[in-house]
Amino acid sequence: MTNKELADLLIPDVDSNIDYYEKLYKPRNVEGIVTRFAPSPTGFVHMGSLLASFIENKAAKDTNGVFYLRIEDTDQKREVENGVQGIIDDLNYFNIDIDEGVVSETEEKGEYGPYTQSKRKNIYRTYAKHLIEEGLAYPCFCSPEEIEETRMIQEKRKVRIGYYGRFAKCRRLTNDEIKEMVEAGKPYIIRFKSHGDYDTKIKINDLVKGTLEFPENDMDIVIIKSDGLPTYHFAHAIDDHLMRTTHVIRGDEWVSSLPLHVQLFETLGFEPPKYAHLSPIMKEEDGKKRKLSKRKDPEAAVSYYNELGIPIEAVKLYLMTVANSNFEEWYLKNPDGKLEDFKFDFKKISSSGALFDVEKLFNISKNYISRLSKDEVYDSLVKWTATFDKEFNEILLNNEEYAKRVFNIEREQAKPRKDYVYYSDIKNQIWYMFEEYFTKFEKNYEWQKITDITEIKNILTTYVDEYLDVNDDKDTWFNKVKQLADKFGYASDMKAYKENPDAYKGNVSDIATIIRVALTTKSQTPDLYEIINILGIDRVKTRINIIK
Ligand code: GLU
């Protein structure tokens, strides 16, 4: 029986015309990096995948290349419901745009598809059939029990575990023996026939880790499983070749498979891509570094950032600091710089795993929000509250102009106030400006030096009756507060007060504080003059009247 006849017997459902696919998927006419994000459809994108997709997208964008999304669903045991949509939603949420690939559970775009591996079964089988014809792949009839038995023998003899050399039993079957077993109905899988020699060393360059040395691969790995679908290794070679990927950027759990992958590419007659393996993100805890863990660290989940309401741009700026060690310095020099202006560099990726520091992220977020215009804060907050705080959302929508004035306190100036770390922080900081909350929330007045409520009421009533005029400019307003202070025996002149504190009941800032606390309940707030103006005369009066 010839190899050709054998191939027809083993894979009868397709022919072995690989030229058809080589012609169908033409070499791309792009100069830049062609790369991809290739998750299994397990849904939830954690920080590691977000960082990887961010880097892949950036590398492609910076070079006018192509970034595509491929869904690797050949391990059907691992699938979760809505897994694909979850990935697409997360990428969309972070504005990580794809040029090609899977765009929804049912749609794809681009000329190199299908981009979902389960839809590419015929392609993999065509190449597997071709390898069988060439004598470069063969069926394996070993049962799981036999494989386990071999493993035990290998352990006992302290030799490498795996299907290779003399342990590769089915490799030695003749075509006629195979035919007999197939006709007898024995189940089989397809293995790659490796021609590697474990004693030969090879060098492979990795864009992050540098030149790596490995023994050549000599394992006859499975390429087509019993369900007819390919293994990761085989699909990687076929897909990244046919989709004309130039750079494979992926997690470094795949580094040890590099000799196999390079061998697969070469055996199939494909040019191997460039590889960049990303180390896992690390976290420092008790002075020690460990991997950021999906299980233990809430900040490893992408949803954590959405729920807190960290602006997407701030998350991306932070991802860039994790991705490239020189970004932080660049950003310090260019605080208004855009990510697009910074060029990503493979050489600046940490090869030992970058440290994830949530405080740094918060800091970036705080600075970022402080530089937004009032309209931008308003729009982003409306968007965020639509999902996470419906009540606040309604208040914002019903009071657009008013809310914008509130967000503009000490904003849109050279040194804007930095008090919001994320969107979920805004209500906590400024709730008292919204009448609905001021009426509803329990009020805990933070009186400071002046605590006598009769004195407080006297001062406040006099303020309202004799001094308050919301048309005053800031200087006039403050002069009136000073006059009020003098009237009640509090020093209006700080210098005089410092020289002789015992001559006064206190000073003008104690007076400002009781106005502040009466209007907001808080002893620390943004600019009081602006607060009074935005609240307006009626609210100010009501708030002062209710003090008991
Ligand atoms: N599906 C593989 C994974 O999730 C992708 C690795 C790759 O990017 O090639 O690990």
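Please refer to the structure higher up on the page.
Conventions we followed
Residues numbered from 1 in each chain as written. Predicted model: local features only at pLDDT ≥ 70, side-chain atom pairs only at ≥ 80, totals over all residues. Heavy atoms only, no water. Pairing = 2+ DSSP bridges. Helix = DSSP H or I, 4+ residues; strand = E, 2+ residues; numbered from the N terminus. Contact = heavy atoms within 4.5 Å. Axes fitted to C-alpha atoms, helices over the stretch in contact; angles between N-to-C directions. Buried < 20%, exposed > 50% of the residue type's maximum accessible area, 1.4 Å probe, protein only. Salt bridge = Lys/Arg side-chain N within 4 Å of Asp/Glu carboxyl O. Parallel < 35°, antiparallel > 145°, perpendicular 65-115°, else oblique. Nonpolar A, V, L, I, M, F, W, Y, C, P; charged D, E, K, R; others polar. Core = buried A, V, L, I, M, F, W, Y, C linked by side-chain atoms within 4.5 Å. 1 Å grid on protein atoms, 1.4 Å probe; cavity = no way out; pocket = protein on both sides within 12 Å on 5 of 7 lines; lining within 4 Å. Points joined across faces, edges and corners; volume = space filled by probe spheres on them. Near = heavy atom within 4 Å. Areas by Shrake-Rupley, 256 points an atom, 1.4 Å probe, with all protein chains shown as cover.

### A look at the sheet that holds strand E1 (residues 34–37)
Turning to step 1, where the next piece is worked out: On the basis of which strands lie adjacent, the open sheet formed by four strands has the order E1-E2-E3-E4 and mixed pairing. Edge strands, defined here as strands with exactly one partner in the open sheet, are E1 and strand E4 (108–109).
Turning to step 2, where the next piece is worked out: Judged from the four bridges that link them, E1 and strand E2 (residues 66–69) form a sheet pairing that is parallel. Looking at E2, one finds that Thr35 is bridged to Phe67.
Turning to step 3, where the next piece is worked out: Of the strands in this sheet, E1, E2 and strand E3 (100–102) are in contact with helix H4 (residues 83–93), which crosses E2 at around 145°.

### A few points about the pairing of E2
Here is the key point about a regular strand: its side chains alternate between the two faces of the sheet.
Turning to step 1, where the next piece is worked out: Burial along E2 is two-sided: the residues Val66 and Tyr68 and Phe67 and Leu69 are all buried.
Turning to step 2, where the next piece is worked out: In this sheet, E3 lies alongside E2 in parallel orientation, the contact comprising two bridges. Across the sheet, the residue bridging to Tyr68 is Glu100, located in E3.

### Quick word on the pattern of salt bridges
Turning to step 1, where the next piece is worked out: Within the structure shown, the criterion is met by 41 salt bridges.
Turning to step 2, where the next piece is worked out: The closest approach of N and O atoms between Arg151 and Glu148, which form a salt bridge, is 2.7 Å. Within this pair, Arg151 and its partner Glu148 are both found in helix H6 (residues 144–157), separated by three residues, close to a single helical turn.
Turning to step 3, where the next piece is worked out: Measuring nitrogen to oxygen at the nearest pair gives 3.4 Å for the salt bridge that ties Glu410 to Arg417.
Turning to step 4, where the next piece is worked out: Note on Arg417: relative accessible area 28%, which makes it partly exposed.
Turning to step 5, where the next piece is worked out: In this structure, a network of salt bridges that share partners links the residues Arg36, Arg70, Glu72, Arg120, Asp239 and Asp240.

### Topic: the packing of helix H19 (residues 453–467) against helix H22 (residues 508–520)
Turning to step 1, where the next piece is worked out: The contact between H19 and H22 brings their axes to 10 Å, and the two run at 85°. In terms of axis orientation, H19 runs roughly perpendicular to H22. Touching Ile456, Ile459, Leu460 and Tyr463 of H19 are Ile511, Ile514, Ile515 and Ala518, all from H22.
Turning to step 2, where the next piece is worked out: Of the residues contributing to the contact of H19 with H22, the split by class is eight nonpolar, no polar and no charged.

### A closer look at the nonpolar core
When a protein is soluble and globular, its nonpolar side chains tend to lie buried together.
Turning to step 1, where the next piece is worked out: Among the nonpolar cores identified, the biggest contains 116 residues, and Tyr127, Ile223 and Phe234 are the most heavily contacted of them.
Turning to step 2, where the next piece is worked out: Sort the elements by how many residues they give to this core and helix H11 (residues 312–323) lands first, with nine residues.
Turning to step 3, where the next piece is worked out: In this structure, Tyr127 is in contact with Ile18, Tyr21, Glu22, Phe234, Ile238, Leu242, Leu268 and Phe270, ignoring residues within four places of it in sequence.
Turning to step 4, where the next piece is worked out: Judged by nonpolar contacts, the second largest core, of 57 residues, contains Phe407, Phe434, Ile511 and Ile515.

### Notes on the layout of surface pockets
Turning to step 1, where the next piece is worked out: Of the voids in this model, the largest pocket is the one considered here, and its volume is about 1,200 Å³.
Turning to step 2, where the next piece is worked out: In terms of lining, the largest pocket is formed by 41 residues, of which the most central are His46, Ser49, Gly251, Glu253 and Trp254.
Turning to step 3, where the next piece is worked out: When contributions to the lining of the largest pocket are tallied by element, the ones reaching two or more residues are E1, helix H3 (47–62) and strand E10 (247–251).
Turning to step 4, where the next piece is worked out: Element by element, the count of residues in the lining of the largest pocket is highest for H3, at six residues.
Turning to step 5, where the next piece is worked out: Within the lining of the largest pocket, the residues separate by chemical class into 18 nonpolar, twelve polar and eleven charged.
Turning to step 6, where the next piece is worked out: In this structure, the second largest pocket occupies an estimated 470 Å³ of space.
Turning to step 7, where the next piece is worked out: If you trace the second largest pocket, you find 21 residues lining it, with Glu313, Leu317, Lys338, Leu339 and Glu340 closest to the centre.
Turning to step 8, where the next piece is worked out: A per-element tally of the lining of the second largest pocket places H3 first, with five residues.
Turning to step 9, where the next piece is worked out: Split by residue class, the lining of the second largest pocket holds seven nonpolar, three polar and eleven charged.

### Here we look at the site of the ligand
Turning to step 1, where the next piece is worked out: Contacts to the ligand come from Arg36, Ala38, Ser40, Glu72, Tyr232, Arg250, Glu253 and Trp254.
Turning to step 2, where the next piece is worked out: For the ligand, whose accessible area on its own is 300 Å², the fraction buried by protein is 80%.
Turning to step 3, where the next piece is worked out: For the shell around the ligand, a count of residues per class yields three nonpolar, one polar and four charged.

### Comments concerning empty space enclosed by the protein
Turning to step 1, where the next piece is worked out: Scanning all chains against the criterion turns up two cavities of 30 Å³ or more.
Turning to step 2, where the next piece is worked out: Every residue lining the largest cavity is listed: Leu51, Ile55, Leu278, Ser279, Pro280, Ile281, Val322, Ala323, Ile349, Ser350, Gly353 and Ala354.
Turning to step 3, where the next piece is worked out: Sorting the residues of the lining of the largest cavity by element identifies H3 and H11 as the ones contributing at least two each.
Turning to step 4, where the next piece is worked out: Counted by class, the lining of the largest cavity contains nine nonpolar, three polar and no charged residues.
Turning to step 5, where the next piece is worked out: Roughly 60 Å³ of internal volume is contained in the second largest cavity.
Turning to step 6, where the next piece is worked out: Along the walls of the second largest cavity sit Ser370, Val406, Phe407, Ile409, Glu410, Arg411, Pro416, Arg417, Asp419, Tyr420, Ile430 and Pro526, which together make up its complete lining.
Turning to step 7, where the next piece is worked out: Split into classes, the residues belonging to the lining of the second largest cavity amount to seven nonpolar, one polar and four charged.

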